[in-house]
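# Geometric and topological summary
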Amino acid sequence: MDLFESNEPRSYFKSERNSEVSARRLPWARFSSWLECVCVVTFDLELGQAIELVYPHEVKLTEKEKTSICYLSFPDSYSGCLGDTQFSFRVRQSVGRKTLWFHEENAYNREAPVVLKRDTAHYYGYVYFRQVKDVSVKRGYFQKSLVLISRLPYVNLFQSLLQLIAPEYFEKLEPCLEAVCNEIDQWPAPIPGQTLNLPVMGVVIQMRIPSKNDKPGASPLKQSCQENLLPAPMILPTVHELDLFKCFQPILIHIQMLWELMLLGEPIVVMAPSPTVSSETILALTSSISPLKYCCDYRPYFTIHDSEFKEYTTRTQAPPNVVLGVTNPFFIKTFQYWPHIIRIGDLKMSGDLPKQVKVKKLTKLKTLDTKPGVYTAYKTFLHKDKTLSKRLLKGIQRKRPSEVQSAILRRHLLELTQSFIIPLERYLVSLMPLQRAVIPWKNPPQIRPFSQDEFMRTLEHSGPQLTSVLKGDWIGLYSRFFRSPNFDGWYRQRHKEMTQKLECLHLEIICEADLLAWIKDKSEVEIVDLVLKLREKLVKAHHQQLPVREEVLQKLELYIETIISSLPEDLQVVLHRH
C-alpha cells in the first residue's frame, strides 16, 4: 500500500512498530532472532557424514548448505579427536534462499558494533562433536555433532550454550532438543546495550550484548546487583571475545606482525592440529584489529570438501584476501604458494613458557611433516614492541591468570588499532560540510571525497605518533592499507554513517525553519514541489532507518499536512491520493 493513499494524517514510524509486533506473533520469531536452526550431523556407513535432523522443521536448508554443514561439522581423520570437541566454522549462505527472517534486524544492526552486526551472506556454525567407543555401532565408535547455525558471531555465548545442551541431547535425543528450542523461542530479542537473562534447561545465562556506543575496551559484564535470580545465573563476561592469550600462546612474539597482516587483509593459512585450535586462532586473528571490522572472508575451519575449495586453491590467479584454518596436512602442498602460512603444532612448553614458533622461509614449506613456524617473507612496517612480549612472559613466570594476560594483550592490540585509525577518523571529520552550509531550502551539500595525498599530509602534525610510541614506516603501512578490503569496508561504512548524519541534520533544520512564512509568496507549483520533496525525505528516513528523533518526523508530518491544507481543495485531494 502507498504510504500516501489515506486522506488522514499518515504515520511513517507506526509501520515499523507494527512489523515488530507482528514479528513476535510469527512462529519461531524469537528463536530466529538468535539462531537460524539446530542441526544434528551423524556418520552413516553408506552415506558418510549426513544430516540426521534440522530443527525447527520449518527451516529449509539448500542441498549445498546441507553438504557444507555436514563436512564442516566433523573433524577430519587426521585430528584424532576422541571424547568431546568444540569448534566453529563459517559458510556462505546460498543465494536467494528463503529464511525465517529476524524482523527487528535493522534495529539490531543500527545499534550493534560493526564487528557484531548480523551477517547477511554467511552462517556461523558452532559445533559440539562427540566421538566415543561404542561396541553396538559397526564402526565401533559413536560419532555425532550438535550444531547451532546462526548469523550472529557470538562464539562465547553459543559454545557455552552447547556445553549445557549437547551432553543432555546425546542422552535424551530429539525431545530434549525440541524443549530447548522452545525455551530459546521465549528469549527476549538480542538488544545491544542490554543485560539479558536467558533461561535454558534450568540454568539462567546472564550476558550483555555490546552496543556501538560502548567505550572500546570497557570492562566486561559483572553480575547484576538488581536481580536476585534463583538459581544464581551463569555469568558470561562476554558474548564474543575469546581468550586471546590462550589462542596466541605459540605465536605471541609475532603478534605485531600478525596484526599488520590482518590489518592489510593479507591471505593467510593457519595449519593446526585440531579444528578447535584452527577455529580459535582464526577468530582471534580477525578480532585482533577490533574495533576495526575485518572485511575479508575468513573460514575458522576449512576442508577439501568446502564448496569454495577450488576457488581458493586455484593457481591461475593470486591467492584471495581470505584467512583459512585447516587441519589436513595435505593442505601444505596445496597452499605452499600462499604468501603467509602459520603452522601450529601441539602446545609445547620450554620450562614455564610456551615454546614460540620461528619465522621461516616459504621455500622450507614442502613436506607433510613441516615443523611449526610462521612461513613468510613479510617485513613489518613498524618496529617490534618488545615490552609487550616481556610483560606477557613475566606474567607466565608469575603464574598470572590467563584472563588477565588476555586483557593485557587485548588492550595492547586495541591501542595499536586506535593509534592507526584515529588519524583517519580525524581526517574524515574534516570532509563533512559545515553546519551553517546546511540550509532548509536546498539539498544538503556533499561530503568531500577522500584524498589519500591530502590525508598523508596531515600525518606530520596529527599522525599515530601522538598516541603510539612505536616507530617505523607508518606512511608505508597506510599506503598498503588503502589497497586492502579493510579500508574499503571501513570507508563505505563511515561514509554511509556521515551521509545519514547529514540527512538527519537537514531534517532537523527543516523542522526549525518557518515553512509557512516561506510559502506565502510562492506559486502552487513551488508549494506542491516542496510537499513532494518533504514526503520523499520522510520516506527515505523511514526506509533507511535514519537515526533521527521521532518528534522530528512527527513535526515534519504535521508541517506537510498544514501546507497541504493551505492549498485549494482540488490540489489537496490529488496530494492525499498520491
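Our subject is the structure that appears above.
Below: a short report on this structure. (Residues numbered from 1 in each chain as written. Predicted model: local features only at pLDDT ≥ 70, side-chain atom pairs only at ≥ 80, totals over all residues. Heavy atoms only, no water.)

The strand order across the open sheet built from 6 strands is β10-β11-β9-β12-β16-β15, with neighbouring strands paired in mixed fashion. A strand with exactly one partner marks an edge of an open sheet, and here the two such strands are β10 (297-299) and β15 (359-360). Two strands pair when backbone bridges link them, and strand β9 (residues 268-271) and strand β11 (residues 322-326) are joined in this way by 4 bridges, in the parallel orientation. From the neighbouring strand, Met271 faces β11, where its bridge partner is Val326. Each of β9, β10, β11 and β12 (340-343) is contacted by helix α9 (residues 275-287), which is oriented at about 160° to β11, the strand it contacts most. (Pairing = 2+ DSSP bridges. Helix = DSSP H or I, 4+ residues; strand = E, 2+ residues; numbered from the N terminus. Contact = heavy atoms within 4.5 Å. Axes fitted to C-alpha atoms, helices over the stretch in contact; angles between N-to-C directions.)

Ranked by internal contacts, the top residues of the largest apolar core, which has 107 residues, are Trp34, Tyr154, Leu157, Met207, Phe420, Leu424 and Phe450. If you look at the next biggest cluster of nonpolar residues, it comprises 25 residues, including Leu507, Ala541, Val548 and Val552. (Core = buried A, V, L, I, M, F, W, Y, C linked by side-chain atoms within 4.5 Å. Buried < 20%, exposed > 50% of the residue type's maximum accessible area, 1.4 Å probe, protein only.)

What follows covers the pattern of salt bridges. Within the structure shown, the criterion is met by 26 salt bridges. For Arg299, the salt bridge goes to Asp306, with nearest N and O atoms at 3.7 Å. As far as burial versus exposure is concerned, Arg299 and Asp306 are alike and both buried. Between Arg494 and Glu425 there is a salt bridge, with the nearest N and O atoms lying 2.9 Å from each other. Of this pair, Arg494 sits in helix α16 (residues 485-512) while Glu425 is found in helix α13 (residues 402-430), placing the two residues 69 residues apart along the sequence. (Salt bridge = Lys/Arg side-chain N within 4 Å of Asp/Glu carboxyl O.)

A few words now on a positive patch on the surface. Judged by side-chain charge, Lys384, Lys386, Lys390, Lys394 and Arg398 come together as a positively charged surface patch. Residue position: Lys394 is located in helix α12 (residues 386-397). Assessed through its relative accessible area of 42%, Lys394 is described here as partly exposed. (Patch = residues over 30% accessible without salt bridge, like charges linked within 9 Å, V, L, I, M, F, W, Y side chains within 5 Å. Areas by Shrake-Rupley, 256 points an atom, 1.4 Å probe, with all protein chains shown as cover. Lys, Arg positive; Asp, Glu negative; His and termini not counted. Charge placed at Lys NZ, Arg CZ, Asp CG, Glu CD.)

Right, let's talk about the state of the cysteines for a bit. Taken as a whole, this structure holds 0 disulfides when the rule is applied. Between Cys37, a free cysteine, and Cys39, which holds the nearest cysteine sulfur, the sulfur-to-sulfur gap is 3.9 Å. Cysteine Cys70 is unpaired, with the sulfur of Cys39 as its nearest cysteine sulfur at 8.3 Å. (Disulfide = S-S within 2.5 Å.)

What follows is about the packing of aromatic side chains. The final tally for this structure, using the stated rule, is 33 aromatic pairs. Taken together, a centroid distance of 5.1 Å and an interplanar angle of 40° make the contact between Tyr126 and Phe158 tilted. Residue Tyr126 is located in strand β4 (residues 122-133), and its partner Phe158 is located in helix α5 (residues 155-172); the two are separated by 32 residues in the primary sequence. Overall, the relative accessible area of 0% leaves Phe158 in the buried class. The interplanar angle of 90° and the centroid separation of 5.0 Å between the aromatic rings of Phe420 and Phe481 together place this pair among those described as edge-to-face. Of this pair, Phe420 sits in helix α13 while Phe481 sits in helix α15 (residues 474-481), and the two are 61 residues apart along the sequence. (Phe/Tyr/Trp six-rings, centres within 6.5 Å; stacked < 30°, edge-to-face > 60°.)

What follows concerns the sheet that holds strand β8 (residues 234-235). The sheet built from 3 strands is open, its strands ordered β6-β7-β8 with mixed pairing. The open sheet has two edge strands with one neighbour each: β6 (195-200) and β8. Of the strand pairs in this sheet, β6 and strand β7 (residues 203-208) are connected by 6 bridges, and their pairing is antiparallel. By the bridge assignment, Leu198 is partnered in β7 with Ile205. Along the sheet, α5 makes contact with β6, β7 and β8, crossing β7 at roughly 175°.

With that settled, the discussion passes to the environment of Thr62. Residue position: Thr62 is located in the loop between β2 (48-55) and α3 (63-72). Owing to a relative accessible area of 24%, Thr62 belongs among the partly exposed residues under this scheme. In this structure, the C-alpha to C-alpha distance between Thr62 and Ser94, residues 32 residues apart in sequence, is 7.0 Å. At a separation of 2.8 Å, a polar atom in the side chain of Thr62 contacts the side chain of Ser94. (Polar contact = N/O pair within 3.5 Å; in protein donor to acceptor, adjacent residues only side chain to side chain.)

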